[in-house]
Amino acid sequence: MDWDQFDLNPKVIAALKKADIKSIKEILNLSGADLQRLMKLSSADIQCLLKTVSHMLRRNSMLTALQLYQDKDHLTSQRQKLSLGCSVLDSLLKGGIPLVGITELAGESSAGKTQISLQLCLCVQYPYKYGGLESGAVYICTEDAFPSKRLQQLIDHQHKLRADVPAEIIQKIKFGNSIFVEHAADLDTFHNCITKRISLLLARGMVRLVVIDSIAALFRCEFGVSDSVLKARYLQTFGAQLHSLSTRFRTPIMCINQVTDAVSESEAAQCSCSAVDNRVSPALGITWANQLLMRLMVSRVSQPEQSTGVASHHTGSVRTLGVIFAPHLPPSFCYYTVKLEGVKGIK
């Protein structure tokens, strides 16, 4: 048992290791007095330890069919989604990003992947009434520096983007204080990040969104062509760990992915949604695709296409957001633009 993952005083963790206690079962099989004598801790520390490990067991308990049917608590609602902060984009996704599962956002450079992810980091902090989760976000950078200047621009213009939210509510939210930035340039650092630091933030209720920008960067230099089996095992392991975090804490996982040229008809067919460029396909192959609940793709609309149809009425670069696959959505797409205040869909 890795006691460092528990929200415990470092003194208690050190005492657990010194007493060679290796499981929750060992703790619960001993009385409070026995634990106090064995670990040489105060009664208050022992009570805190017992409360923490008991809560860990209860949190993983199953829900009955009756509880799901009654569905009185919004935290257990299967219909609850995380809004993207735009009614057009939310309409495309039937409410927003599902709370349980891994959502992938793939696309070429400058297509708007990071813009959407930053907007989600702000949306998660809004009250439930306005599509948020009343919590913070973790943003894991695997290659580029965190775009802090752009984030500040979005924060400063939230009143323009979220006209549906009263100004006094926006002013009360300290957006910058609830976004935690991590940097993980290799697989070992990334593993340590999601299993320890992020798990602790989730356990404390400080965050309800995890963004990984990008998942492909971790594997680009680590593996050669001959390492495909080992690469697949790592992808399955990370996928399982992210699924576990998402399920335990009802937290959306947003993974940004890059694209590669589609060299076969089967690869092109994976991105066959109209208005999505089917000459490219998301990186990491079928092994990673099997870990996903939902795959979204973004792309820039070419200049000839912008001169006709809906795109002609909007200045600036027009982009598309497409649903490639999801268990609850048909393949579909919408147009959007990236403005100073954020990402806005085009009706």
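None of the values given here were measured: they were computed from a predicted structure.

Undergrad: Honestly, the sheet that holds strand β13 (residues 342-346) in this entry has me stumped. Any pointers?
TA: Whenever strands of a sheet pair, they do so through backbone hydrogen bonds, lying parallel or antiparallel. Read from one edge to the other, the open sheet built from 9 strands follows the order β5-β4-β6-β7-β3-β10-β11-β12-β13, with strand pairing classed as mixed. The open sheet has two edge strands with one neighbour each: β5 (179-183) and β13. For this sheet the average axis-to-axis angle between neighbouring strands, irrespective of direction, equals 25°. Sheet topology note: the strand β12 (residues 332-339)/β13 ladder contains 5 bridges and is antiparallel. If you follow Val-338 over to β13, its bridge partner there is Val-343. Those strands touched by helix α7 (residues 113-123) are β3 (102-107), β4 (136-141), β5, β6 (207-213), β7 (253-257), β10 (294-300), β12 and β13, and its axis lies near 165° from that of β7.

Undergrad: Could you clarify how one ought to interpret helix α8 (residues 148-156) in this entry?
TA: Because an α-helix completes one turn every 3.6 residues, residues spaced three or four positions apart along the sequence face the same direction. By the burial criterion, the buried members of α8 are Arg-150, Leu-151, Leu-154 and Ile-155. Looking down the long axis of α8, one finds its buried residues gathered within 145° of arc, a one-sided arrangement. Against the buried residues of α8 lie α7, α9 (158-161), β5, β12 and β13.

Undergrad: Looking at this model, I keep getting lost on helix α13 (residues 228-249). Mind explaining?
TA: Taking 1.5 Å per residue, 22 residues should reach 32 Å; α13 reaches 32 Å between its end C-alpha atoms and fits that length. Residues Ala-232, Leu-235, Phe-238, Gly-239, Gln-241, Leu-242, Leu-245, Ser-246 and Phe-249 constitute the buried set of α13. At the C-terminal side of α13, Arg-250 shows a positive phi close to 45°.

Undergrad: How should unusual backbone geometry be read in this particular structure?
TA: What you tend to see is this: most non-glycine residues have negative phi, and most peptide bonds are trans. A cis geometry characterises the amide bond from Asp-213 onward to Ser-214, with omega recorded as 0°. Along the chain, Ser-214 turns up in the loop between β6 and α12 (217-220). We note that Lys-40 has phi near 60°; this positive angle belongs to a residue other than glycine. On the secondary structure map, Lys-40 appears in the loop between α3 (32-39) and α4 (43-59).

Undergrad: Teacher, can you tell me more about the packing of aromatic side chains here?
TA: This structure, assessed with the given rule, holds 6 aromatic pairs. Taken together, a centroid distance of 5.0 Å and an interplanar angle of 75° make the contact between Tyr-139 and Phe-146 edge-to-face. This pair shows no difference in class: Tyr-139 is buried, exactly as Phe-146 is. With 5.1 Å between their ring centres and 90° between their planes, Phe-190 and Phe-238 make a pair best called edge-to-face. Remark: Phe-238 occurs in helix α13 and Phe-190 occurs in helix α11 (residues 187-203); sequence separation between them is 48 residues. For Phe-238, a relative accessible area of 3% puts it in the buried group. Each member of the aromatic cluster is reached from another via a ring pair, and the members are Phe-190, Phe-219, Tyr-234 and Phe-238. The ring of Tyr-126 carries the charged tip of Arg-162 above its face, separated from the ring centre by 4.5 Å.

Undergrad: Sorry, what's going on with the nonpolar core here?
TA: In summary, soluble globular proteins display a tendency toward joint burial of nonpolar side chains. Ranked by size, the top nonpolar core spans 46 residues in total, and within it Leu-93, Ile-97 and Leu-321 carry the most contacts. The leading source of residues in this core is α7, at 5 residues. What Leu-93 contacts, discounting residues up to four positions off in sequence, is Lys-81, Leu-84, Met-294, Leu-296, Val-323, His-328 and Leu-329. Counting residues in hydrophobic clusters, the runner-up holds 30 residues, among them Ile-212, Leu-284, Trp-288 and Leu-292.

Undergrad: It is not clear to me how the pairing of β4 should be interpreted in this structure. Could you clarify?
TA: Most of β4 sits out of view: 6 of its 6 residues are buried. Side chains of β4 alternate between two faces, with Gly-136, Val-138 and Ile-140 and Ala-137, Tyr-139 and Cys-141 buried alike. Sheet topology places β4 next to β6; 5 bridges connect them, and they run parallel. Considered in β6, the bridge of Gly-136 is made with Val-207. Sheet analysis places β4 next to β5, joined by 5 bridges and oriented parallel. Note on β5: the bridge partner recorded for Ile-140 is Glu-182.

Thresholds applied
- Residues numbered from 1 in each chain as written.
- Predicted model: local features only at pLDDT ≥ 70, side-chain atom pairs only at ≥ 80, totals over all residues.
- Heavy atoms only, no water.
- Pairing = 2+ DSSP bridges.
- Helix = DSSP H or I, 4+ residues; strand = E, 2+ residues; numbered from the N terminus.
- Axes fitted to C-alpha atoms, helices over the stretch in contact; angles between N-to-C directions.
- Contact = heavy atoms within 4.5 Å.
- Buried < 20%, exposed > 50% of the residue type's maximum accessible area, 1.4 Å probe, protein only.
- Arc of directions from axis to C-beta.
- Expected span 1.5 Å × (residues − 1).
- Phe/Tyr/Trp six-rings, centres within 6.5 Å; stacked < 30°, edge-to-face > 60°.
- Lys NZ or Arg CZ within 6 Å of the ring centre and 35° of its normal.
- Core = buried A, V, L, I, M, F, W, Y, C linked by side-chain atoms within 4.5 Å.

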